[in-house]
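A look at the structure
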Amino acid sequence: MTKFTLKTYRPSVETEKPHFYILNKGMNSGKPLKQPCPNCFILTAPTEEAKDQLYWLCFGLWRAKSFHYYLKGSVIPFITKNDLKQGILNGFEQANNDIPIFKKSVQALQLLEEQEKVYKLNLKLIDDARRAVFYRYISKKRYS
(Lines give C-alpha, C1' and ligand atoms only; values in the text may rest on other atoms or scores of the structure.)
Protein backbone atom coordinates (compact mmCIF):
# COMPACT_ATOMS: atom_id res chain seq x y z
CA MET A 1 0.00 0.00 0.00
CA THR A 2 1.27 3.45 -0.89
CA LYS A 3 1.77 5.77 2.04
CA PHE A 4 0.57 9.34 1.68
CA THR A 5 -0.10 12.32 3.87
CA LEU A 6 -3.09 14.58 3.64
CA LYS A 7 -2.93 18.07 5.16
CA THR A 8 -4.83 21.32 4.90
CA TYR A 9 -3.19 23.53 2.30
CA ARG A 10 -1.47 26.67 3.58
CA PRO A 11 0.29 28.96 1.08
CA SER A 12 3.09 29.67 3.56
CA VAL A 13 4.16 26.00 3.69
CA GLU A 14 6.23 24.69 0.77
CA THR A 15 6.85 21.02 0.07
CA GLU A 16 9.52 19.34 -2.02
CA LYS A 17 7.83 15.93 -2.10
CA PRO A 18 5.60 14.93 -5.04
CA HIS A 19 2.16 16.36 -4.33
CA PHE A 20 -1.18 17.51 -5.70
CA TYR A 21 -4.17 19.33 -4.28
CA ILE A 22 -7.72 18.16 -3.56
CA LEU A 23 -10.71 20.50 -3.40
CA ASN A 24 -12.57 20.24 -0.09
CA LYS A 25 -15.60 22.54 -0.45
CA GLY A 26 -18.59 22.51 -2.75
CA MET A 27 -20.16 19.81 -4.88
CA ASN A 28 -16.76 19.17 -6.50
CA SER A 29 -15.20 18.17 -3.19
CA GLY A 30 -12.59 15.50 -3.77
CA LYS A 31 -11.56 16.84 -7.17
CA PRO A 32 -7.79 16.57 -7.63
CA LEU A 33 -6.09 19.79 -8.74
CA LYS A 34 -2.69 20.60 -10.21
CA GLN A 35 -2.72 24.14 -8.73
CA PRO A 36 -3.81 25.07 -5.19
CA CYS A 37 -6.92 27.01 -4.30
CA PRO A 38 -8.07 28.49 -0.96
CA ASN A 39 -10.28 25.51 -0.07
CA CYS A 40 -8.10 22.48 -0.61
CA PHE A 41 -6.00 19.79 0.97
CA ILE A 42 -2.51 18.85 -0.15
CA LEU A 43 -1.71 15.19 -0.68
CA THR A 44 1.98 14.30 -0.62
CA ALA A 45 3.37 10.97 -1.75
CA PRO A 46 6.82 9.41 -1.36
CA THR A 47 7.46 9.06 -5.12
CA GLU A 48 6.28 10.63 -8.36
CA GLU A 49 4.84 7.27 -9.45
CA ALA A 50 2.82 6.96 -6.24
CA LYS A 51 1.59 10.54 -6.69
CA ASP A 52 0.36 9.79 -10.23
CA GLN A 53 -1.37 6.62 -9.05
CA LEU A 54 -3.10 8.49 -6.22
CA TYR A 55 -3.99 11.42 -8.49
CA TRP A 56 -5.77 9.20 -10.99
CA LEU A 57 -7.42 7.22 -8.21
CA CYS A 58 -8.80 10.46 -6.75
CA PHE A 59 -9.81 11.64 -10.21
CA GLY A 60 -11.74 8.42 -10.86
CA LEU A 61 -13.39 8.51 -7.44
CA TRP A 62 -14.35 12.15 -7.98
CA ARG A 63 -15.77 11.46 -11.45
CA ALA A 64 -17.75 8.52 -10.04
CA LYS A 65 -19.09 10.87 -7.33
CA SER A 66 -17.74 8.53 -4.65
CA PHE A 67 -16.95 11.45 -2.35
CA HIS A 68 -20.59 12.65 -2.29
CA TYR A 69 -21.29 10.06 0.42
CA TYR A 70 -18.92 11.91 2.74
CA LEU A 71 -20.21 15.47 2.15
CA LYS A 72 -21.39 17.42 5.16
CA GLY A 73 -23.08 20.81 5.46
CA SER A 74 -26.35 22.15 4.12
CA VAL A 75 -25.42 25.43 2.46
CA ILE A 76 -21.87 24.78 1.31
CA PRO A 77 -21.10 21.08 1.34
CA PHE A 78 -17.60 20.08 2.39
CA ILE A 79 -15.55 16.97 3.05
CA THR A 80 -13.40 16.49 6.13
CA LYS A 81 -9.79 15.40 5.93
CA ASN A 82 -10.49 12.10 7.71
CA ASP A 83 -13.46 11.29 5.45
CA LEU A 84 -11.41 12.09 2.34
CA LYS A 85 -8.58 9.89 3.57
CA GLN A 86 -11.03 7.07 4.29
CA GLY A 87 -12.53 7.39 0.80
CA ILE A 88 -9.08 7.29 -0.81
CA LEU A 89 -8.04 4.28 1.28
CA ASN A 90 -11.24 2.42 0.34
CA GLY A 91 -10.67 3.19 -3.34
CA PHE A 92 -7.00 2.21 -3.06
CA GLU A 93 -7.97 -1.12 -1.50
CA GLN A 94 -10.37 -1.85 -4.36
CA ALA A 95 -7.78 -0.80 -6.94
CA ASN A 96 -5.20 -3.13 -5.41
CA ASN A 97 -7.62 -6.06 -5.63
CA ASP A 98 -7.46 -5.92 -9.43
CA ILE A 99 -4.47 -3.87 -10.58
CA PRO A 100 -4.75 -4.60 -14.35
CA ILE A 101 -8.33 -3.32 -14.48
CA PHE A 102 -7.33 -0.24 -12.46
CA LYS A 103 -4.48 0.53 -14.87
CA LYS A 104 -6.80 0.07 -17.85
CA SER A 105 -9.34 2.42 -16.26
CA VAL A 106 -6.65 5.03 -15.63
CA GLN A 107 -5.55 4.86 -19.27
CA ALA A 108 -9.16 5.33 -20.38
CA LEU A 109 -9.56 8.33 -18.05
CA GLN A 110 -6.36 9.89 -19.40
CA LEU A 111 -7.52 9.47 -23.00
CA LEU A 112 -10.90 10.97 -22.17
CA GLU A 113 -9.25 13.94 -20.44
CA GLU A 114 -7.10 14.58 -23.51
CA GLN A 115 -10.17 14.42 -25.75
CA GLU A 116 -12.03 16.80 -23.47
CA LYS A 117 -9.16 19.32 -23.71
CA VAL A 118 -9.23 19.08 -27.52
CA TYR A 119 -13.01 19.59 -27.59
CA LYS A 120 -12.78 22.58 -25.24
CA LEU A 121 -10.10 24.13 -27.44
CA ASN A 122 -12.28 23.56 -30.53
CA LEU A 123 -15.28 25.15 -28.80
CA LYS A 124 -13.15 28.16 -27.88
CA LEU A 125 -11.98 28.50 -31.48
CA ILE A 126 -15.57 28.27 -32.73
CA ASP A 127 -16.60 30.94 -30.22
CA ASP A 128 -13.75 33.19 -31.40
CA ALA A 129 -14.82 32.65 -35.02
CA ARG A 130 -18.41 33.61 -34.17
CA ARG A 131 -17.20 36.74 -32.44
CA ALA A 132 -15.03 37.65 -35.45
CA VAL A 133 -17.92 37.15 -37.88
CA PHE A 134 -20.24 39.28 -35.80
CA TYR A 135 -17.56 41.91 -35.22
CA ARG A 136 -16.97 42.15 -38.97
CA TYR A 137 -20.72 42.61 -39.50
CA ILE A 138 -20.96 45.33 -36.87
CA SER A 139 -17.86 47.17 -38.07
CA LYS A 140 -19.22 47.29 -41.66
CA LYS A 141 -22.48 48.82 -40.46
CA ARG A 142 -20.70 51.31 -38.23
CA TYR A 143 -18.30 52.62 -40.85
CA SER A 144 -20.58 52.58 -43.90
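Definitions and limits used
- Residues numbered from 1 in each chain as written.
- Predicted model: local features only at pLDDT ≥ 70, side-chain atom pairs only at ≥ 80, totals over all residues.
- Heavy atoms only, no water.
- Helix = DSSP H or I, 4+ residues; strand = E, 2+ residues; numbered from the N terminus.
- Rg over C-alpha atoms; globule rule 2.2 N^0.38 Å.
- Buried < 20%, exposed > 50% of the residue type's maximum accessible area, 1.4 Å probe, protein only.
- Areas by Shrake-Rupley, 256 points an atom, 1.4 Å probe, with all protein chains shown as cover.
- Contact = heavy atoms within 4.5 Å.
- Patch = residues over 30% accessible without salt bridge, like charges linked within 9 Å, V, L, I, M, F, W, Y side chains within 5 Å.
- Salt bridge = Lys/Arg side-chain N within 4 Å of Asp/Glu carboxyl O.
- Lys, Arg positive; Asp, Glu negative; His and termini not counted.
- Charge placed at Lys NZ, Arg CZ, Asp CG, Glu CD.
- Phe/Tyr/Trp six-rings, centres within 6.5 Å; stacked < 30°, edge-to-face > 60°.
- Lys NZ or Arg CZ within 6 Å of the ring centre and 35° of its normal.
- Expected span 1.5 Å × (residues − 1).
- Pairing = 2+ DSSP bridges.
- Axes fitted to C-alpha atoms, helices over the stretch in contact; angles between N-to-C directions.

**Re the overall build of the protein chain**
Counting its secondary structure elements, the protein chain contains three helices and four strands. Counting from the amino terminus, helix and strand elements in the protein chain follow one another as β-β-β-β-α-α-α. A compact globule built from 144 residues should have a C-alpha radius of gyration of about 15 Å, whereas the protein chain, at 20 Å, is more than 25% larger. By principal-axis analysis of the C-alpha atoms, the protein chain measures approximately 70 × 35 × 35 Å. Residues counted as buried form 33% of the 144 residues belonging to the protein chain. Approximately 10400 Å² of the protein chain is accessible, and the part contributed by carbon and sulfur atoms is 56%.

**Structural notes on the environment of asparagine 39**
Structurally, asparagine 39 is set in the loop between strand E3 (32-33) and strand E4 (40-44). For the pair asparagine 39 and leucine 109, spaced 70 residues apart in sequence, the C-alpha separation works out to 25 Å. Each residue touching asparagine 39, except ones within four places of it in the same chain, is listed here: Ile22, Leu23, Asn24 and Lys25.

**Structural notes on a positive patch on the surface**
On the surface, a cluster of positive charge is contributed by Lys3, Lys7, Arg10, Lys17, Lys81 and Lys85. Following the sequence through the fold, lysine 7 ends up in strand E1 (residues 5-8). A relative accessible area of 53% means that lysine 7 is categorised as exposed.

**Quick look at the packing of aromatic side chains**
The tally for this structure, following the rule as stated, stands at seven aromatic pairs. Summarising the aromatic geometry, the rings of tyrosine 55 and phenylalanine 59 are spaced 6.5 Å apart at their centres and angled 15° between planes, so their arrangement reads as stacked. Remark: phenylalanine 59 and tyrosine 55 occur in helix H1 (residues 48-63); sequence separation between them is four residues, near one turn of the helix. Measuring from centroid to centroid gives 5.1 Å for tyrosine 69 and tyrosine 70, while their planes differ by 85°, and the two rings are edge-to-face. Using a relative accessible area of 13% as the deciding quantity, one classes tyrosine 70 as buried. A network of ring pairs unites the aromatic residues Phe20, Tyr55, Trp56, Phe59 and Trp62 as a single cluster. Positioned over the ring face of tyrosine 55 is lysine 34, at 4.2 Å from the centre of the ring.

**A closer look at helix H2 (residues 81-97)**
Residues lying three or four places apart along an α-helix face the same way, a consequence of the helix completing one turn every 3.6 residues. Taking 1.5 Å per residue as the helical rise, H2 with its 17 residues ought to reach 24 Å, and the 24 Å between its terminal C-alpha atoms agrees with that figure. For H2, every residue scored as buried is listed here: Asp83, Leu84, Gly87, Ile88, Gly91, Phe92 and Ala95.

**With respect to the sheet that holds E4**
Taken in spatial order, the four strands line up as E1-E4-E2-E3 in an open sheet, and their pairing is antiparallel. Sheet topology places E1 and E3 at the edges, where each strand pairs with a single neighbour. Sheet analysis places strand E2 (residues 19-23) next to E4, joined by five bridges and oriented antiparallel. Considered in E4, the bridge of histidine 19 is made with threonine 44. The sheet strands contacting H1 are E2, E3 and E4, and the helix crosses E2 at an angle near 15°. Seen against the sheet, H2 touches E1, E2 and E4 and runs at an angle of roughly 155° to E1.

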